[in-house]
Amino acid sequence: MAALLSLFSLSASAQQYSLTTYDRKSGLESQAINVLLQDRRGFVWAGTEMGLYRFDGGSFERMGAAQGFARGEYVTAMVQNPRIGQLWVATQSGLRVGDGLHFRKVEPAGQPLVVDVGRQMVALDDGRLLLVKNDRLMVLSGGGQGWQLRPMFDEAQLAAVPQLRRITVIHATPGRLWIGCDGSLCSVDDAGKVTVHGEAEGVPRDSWTGLLLDSHGSLWLRGVHHLRELPAGATRFLPRDLPAADMGVVSDNEILVEDARGRVLTPTNRGLARWEGTAWTLMDSANGLPDIEITALLFDSHGTLWLGTYGRGISRWNGYGLVEGWGRGQGFESVPNWSILRFDAQHIWFANELGGSVLSDGQTRLQPWPIRFDPAPRQILSLARANDGAIWAGLYDRRVLRYDPASQRTTLAAELPAFVKFLHFDRQGRLWIATVNGIYRIDHVDAPAVRIPATQTTDQQCSDITETADGTLWFACNAGLLRFAGGQWTRMDTGSTSIASGFSAVAVGTDGSLWLGANEPGLFHAAVSGSRLSLTRIVDTWLDNTLVYFVRRDHRGWIWVGGSGGVDVYDGARWTHLSQADGLLWDETSQNGFFEDRDGSIWIATAIGASHILQPQAMLAYQPGKVLITSVMQGSAPVKPGDSIRLGGRHAALTVHYALLGKSSGGQPRYRYRLQDSEWIETGANVINLAGLPSGDYRLEIEAIDDDHRTVSPPAQFDFGVPPPWWLSWWVGLLAVSLLALLMALSWRWRSRRLRRHNRRLEAMVADRTVELTEEKRELERARAELYHQATHDSLTGMHNRRAILDQLAALLEPGQRPLPGLAVGLIDADHFKRINDTLGHQAGDAALLAIARHLQLHVRGDDRLGRYGGEEILLLLPGIDRPHAEQRMRDIQTAVSAVPHHWNGHAFAVTLSIGMVWIGADATSVEDLIRRADAALYQAKSGGRDRVVVEAAGAD
């Protein structure tokens, strides 16, 4: 009955998790992982079918002859006693022991010691090692004076307990040794007494190959068909079986590990199971786990979960226990998500591209939201909750809907002339609406939407609204920052630090200062003095290259900045960058995609779903890394600190290998190094070669650069010396000086004047010729650069010309050259452009086309390409982008550039854009076919009314 109740308590985890995978590109020549271990230094080790690998912070390095291993050794088991520090590595060619940097063979009686495949080993505090050989439990001791190997049990004990003749697993706990023994479980106390545990103690017959003592004192027992728990102080094991479909695959080493919250994890046939105290939670490939057998598990000292697989390398679970992801697999009917809002104490709402979803607290799957209206609401960019509990939704199609929870009815509150960007209820209960052509307000439920006169505010796009404690409202608009206080509107003066593109996001800090995102990369901080802003750009590697989508302040006073490359958080002391490498579901966030829940957790809306940061403090906890120099070699000879070595000539270079210990960043680490007092040199490699150094004493310093936390690690140092060559010895120098002095004395009188005159003539000739050659070289380089630019760029717009942009498109279509996940091609045409030329003249048309080109260039990424295809037609290439993201990018670009005002000789006019877009994945096609398809989509945009983006339907030819 207990077993049946355990089965009924199973639950499937509906979260989506972010994993970083390490495979051949990360140095793992063998992707079949047998065992994972972290040593007391902090190194993560992977034992594979083709050798032992050590993680250096960004990739895996295979141990070779320099560390004591032959090439391609099959590693079966690893263990380390943390107190002693000896690391034992079992391979099919013999046992090794070492300190993590160097290993030596273990050969009792001069013979290799081969441990049974897949059998765990136990390293005791007294330096002995327990291992299984030929199904028997053996004790290994000695070392310095030779190795001794003996059986753990003598013949009398084996005769009394015959189960000890076949050992499947061993595990040491305080005061007791637990042994899987021929289908049963045996235990040995400190006095050597053996007890056999069987059916009477709740242990059915099985091939027991996994044991774990958890932090609560419970002993866990895993076999092929059964899973049991012996709670602390209990005498009978309790059934904790998984369904038969998730167990039954024979393994030599059934893994049991415990996370930081005391939950036990073990692999299943399809993924992982986690014991939550009363039930198992099952996770598999639907949650983002590898879709292959998991053969090794490891929680490192930072709580990061590493998963070894049989054939897919190693995956690192980003943000384990700190972040949960919610995507289509968890019930989202549509993505991207645009806005998040808590409806009541039990429900949170998500507004997205095709409607909305609701998540009930404690549930693992979202349900469709209750808003029903005709036509169906789509592209809900903003949600706001009124004081009466009603939910208001702002739509791209210019409607504002109101959902009344009491009646469960949805009504049309307003239909505006322009689409809605943001909704905000102020302290008086008034709804403020930011749109693409100004600001509107609804004073109460039955009131109409009233436009705030553009003479007081703006007729341009406003994207964000925030309110201070005194009721002051701030509006981020393309025309600048607006303030509404005391019934008066003020356009804030930014002085000489003007932001031409205007602002897109605003938040108020705890000190009353403002944090501002602009319609260009970067973040700005402003102090307010009357109607004036003292604006300062935040100089930062991440933020300088981020197009800010939202800026928000949480209850802690932290500033959260979401953009195109992840989320950056300022806690008042330092910035921290969060991305997929930290557990976020996706790096591309959404404009209104920030929500702080009632428990202080944070929701982030992204292009593919939503990420829930459960523990923001833990996510931002700074854990500095440490650089460790793992080896210094000259050729095949090791070099010790303080050694004096010869470099240059026929002598080999000095080769320094190093690694980064500490919390992994998910990407390849960056380092910088220098010889003391010289300039720093940055590198992404884990090896430095030094050669050609003059004689002297040197100190090599190496630091790790933490881009996410904007810090560098303490330096790792290595001192060495380079002696002078023999010809620079003191006695050689003395002899040379003496001979030179004698020679100079003999020749000084008759030769000095002649040499000086000749030297002056030569110096003058060299100087003149050097000037001539330098000038000729400059002229040639300028001519080449000018010819190349004229050949590849359009003379009016400065963009690539037709030939150049088509060449770039052809290059992206070459096999193997197209960045995944795909390529988007947009053919852009200015609407009614001929009318501008006819009415205002071709110079006005040229000026408008030039302005369009400049604004398009403000909205492209570093890898995007723009080119003038012909007349007013422009070709835009977006490589390395998925289809939903590409569609949104095209629409954002079309909206932003179409909203740009144009002026010519006192005439103001608008130029909208029509865009035809085609997206392709990995399928082959030609330049001509893509242009034809894009032109067909552009024709549909034109014929459909212009000022829009038409995307070729998926699967269309």
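Since we're looking at a predicted model, the values are computed, not measured.

Undergrad: Whenever I open this one, the pattern of salt bridges confuses me. Can you help?
TA: Two side chains of opposite charge can pair, provided their charged atoms sit close to one another. Scanning all chains against the criterion turns up 50 salt bridges. R441 is paired through a salt bridge with D443; the nearest N and O atoms lie 2.7 Å apart. Several salt bridges share partner residues, and in doing so they unite D259, R263, R274 and E276 into one network.

Undergrad: Explain the environment of W515 here, please?
TA: Relative to the helices and strands, W515 resides in strand β48 (residues 514–518). Note on W515: relative accessible area 6%, which makes it buried. Setting aside its immediate chain neighbours within four residues, W515 contacts A505, V506, A507, G509, L523, F524, H525, I538, V551, I559, Y570 and W575.

Undergrad: Which parts of the structure should I look at to understand the sheet that holds strand β10 (residues 103–106)?
TA: Sheet strands pair via backbone hydrogen bonds, and the direction of the pair is either parallel or antiparallel. What the four strands build is an open sheet, ordered β7-β8-β9-β10; its pairing is antiparallel. Every interior strand has two partners, whereas the edge strands, β7 (75–80) and β10, have only one. Neighbour-to-neighbour, the strand axes of the sheet open up by a mean angle of 25°, direction not taken into account. As paired elements, β7 and strand β8 (residues 87–91) share five bridges and run antiparallel to each other. Looking at the pairing, M78 lines up with V89 of β8.

Undergrad: Help me understand the packing of aromatic side chains in this model?
TA: Ring pairs (aromatic) are described by centroid distance and by the angle formed between their planes. All told, the structure shown has 38 aromatic pairs when counted by the stated rule. Residues W88 and W147 carry aromatic rings whose centres are separated by 5.8 Å and whose planes lie at 70° to one another, so their mutual orientation is edge-to-face. Of the two residues, W88 sits in strand β8 while W147 sits in strand β14 (residues 146–151), which places them 59 residues apart along the sequence. Each residue in the set Y17, F299, W317 and Y320 is aromatic and connected to the rest through ring pairs, giving one cluster. A cation over an aromatic ring shows up here: R176 above the ring of W178, its NZ or CZ 5.9 Å from the ring centre. Of note, R802 hangs over the ring of Y869, and the distance from its end group to the ring centre comes to 4.1 Å.

Undergrad: Would you explain the side chain of H171 in this entry?
TA: Structurally, the position occupied by H171 is in strand β15 (residues 167–173). Assessed through its relative accessible area of 18%, H171 is described here as buried. Polar contacts involving the side chain of H171 include one to the main-chain amide nitrogen of L213, which spans 3.5 Å. Ignoring any residue separated from it by four or fewer positions in sequence, one finds H171 in contact with V122, R176, L177, W178, L211, L212, L213 and L219.

Undergrad: Please explain the nonpolar core as it appears in this structure.
TA: Soluble, globular proteins show a tendency: their nonpolar side chains are buried together. Counting 28 residues, the largest nonpolar core has I852, L856 and I874 as its most contacted members. Here this core gets six residues from one element, more than from any other, and that element is helix α8 (residues 842–858). Those residues in contact with L856 that sit more than four places away from it in its chain are I828, L866, I874, I893, V897 and L913. In terms of nonpolar packing, the next biggest core, distinct from the first, is built from 26 residues, V335, L359, W603 and A610 among them.

Undergrad: What is the right way to look at unusual backbone geometry in this model?
TA: Glycine aside, residues mostly have negative phi angles, and peptide bonds mostly take the trans form. Following D374, the chain continues to P375 via a peptide bond in cis, the omega torsion being 0°. Here P375 is to be found in the loop between β34 (367–368) and β35 (380–385). Phi angles above zero are rare outside glycine, and N134 is one such case at about 55°. Among the structural elements, N134 can be located in the loop between β12 (129–133) and β13 (136–143). Since its relative accessible area comes to 60%, N134 is described here as exposed. Here D947, not a glycine, exhibits a phi torsion of approximately 55°, which is positive. Residue placement: D947 occurs in the loop between α10 (927–943) and β73 (949–951).

Undergrad: What am I meant to see in a positive patch on the surface here?
TA: Residues R751, R753, R754, R756, R757, R760 and R761 make up a contiguous surface patch of positive charge. On the secondary structure map, R751 appears in helix α5 (residues 730–792).

Undergrad: Any chance you could explain the confidence of the model for the chain here in plain terms?
TA: Regions with low pLDDT carry predicted coordinates that are not meant to be interpreted in detail. Of the residues in the chain, 97% reach a pLDDT of 70 or more, and the chain-wide mean stands at 91. A low-confidence stretch, residues 1–9 (pLDDT under 50), is modelled with twelve contacts involving residues beyond four sequence positions or located in other chains.

Undergrad: How should I be thinking about the state of the cysteines in this particular structure?
TA: What makes a disulfide is a covalent bond joining the sulfur atoms belonging to two cysteines. Evaluation of the coordinates by the stated rule reveals two disulfides. Put simply, C181 and C186 are joined by a disulfide, and their sulfur atoms are 2.0 Å apart. Between C181 and C186, the disulfide has an S-S torsion of 90° and is therefore right-handed. What makes C186 buried here is its relative accessible area of 0%. Disulfide pairing is shown between C462 and C477; the S-S distance is 2.0 Å. Around the S-S axis, the bridge from C462 to C477 shows a dihedral of about 100° and counts as right-handed. Residue C462 is found in strand β43 (residues 462–467), and its partner C477 is found in strand β44 (residues 473–477); the two are separated by 15 residues along the sequence. The exposure class of C462 is buried, given its relative accessible area of 0%. When the bonded cysteines of the chain are counted from the start of the sequence, the pairing works out to 1-2, 3-4.

Undergrad: Where do I start with the pairing of β13 in this structure?
TA: A regular strand places its side chains so that they alternate between the two faces of the sheet. Both β12 and β13 contribute to a ladder of five bridges, which runs antiparallel. Within β13, the residue paired with L130 across the bridge is V139. Count of turn residues in the β12/β13 antiparallel hairpin: two residues, of which N134 carries a positive phi of about 55°. Across six bridges, the pairing between β13 and β14 is antiparallel.

Undergrad: Teacher, can you tell me more about the sheet that holds strand β41 (residues 438–442) here?
TA: Read across the open sheet, the four strands follow the order β39-β40-β41-β42; overall the sheet is antiparallel. The open sheet has two free edges, formed respectively by β39 (420–425) and β42 (450–451), since each of these has just one partner strand. Pairing of β39 with strand β40 (residues 431–435), which is carried by five bridges, proceeds in the antiparallel orientation. Paired with V420 across the two strands is T435, which belongs to β40.

Conventions we followed
Residues numbered from 1 in each chain as written. Predicted model: local features only at pLDDT ≥ 70, side-chain atom pairs only at ≥ 80, totals over all residues. Heavy atoms only, no water. Salt bridge = Lys/Arg side-chain N within 4 Å of Asp/Glu carboxyl O. Helix = DSSP H or I, 4+ residues; strand = E, 2+ residues; numbered from the N terminus. Buried < 20%, exposed > 50% of the residue type's maximum accessible area, 1.4 Å probe, protein only. Contact = heavy atoms within 4.5 Å. Pairing = 2+ DSSP bridges. Axes fitted to C-alpha atoms, helices over the stretch in contact; angles between N-to-C directions. Phe/Tyr/Trp six-rings, centres within 6.5 Å; stacked < 30°, edge-to-face > 60°. Lys NZ or Arg CZ within 6 Å of the ring centre and 35° of its normal. Polar contact = N/O pair within 3.5 Å; in protein donor to acceptor, adjacent residues only side chain to side chain. Core = buried A, V, L, I, M, F, W, Y, C linked by side-chain atoms within 4.5 Å. Patch = residues over 30% accessible without salt bridge, like charges linked within 9 Å, V, L, I, M, F, W, Y side chains within 5 Å. Areas by Shrake-Rupley, 256 points an atom, 1.4 Å probe, with all protein chains shown as cover. Lys, Arg positive; Asp, Glu negative; His and termini not counted. Charge placed at Lys NZ, Arg CZ, Asp CG, Glu CD. pLDDT = per-residue confidence, 0-100. Disulfide = S-S within 2.5 Å.

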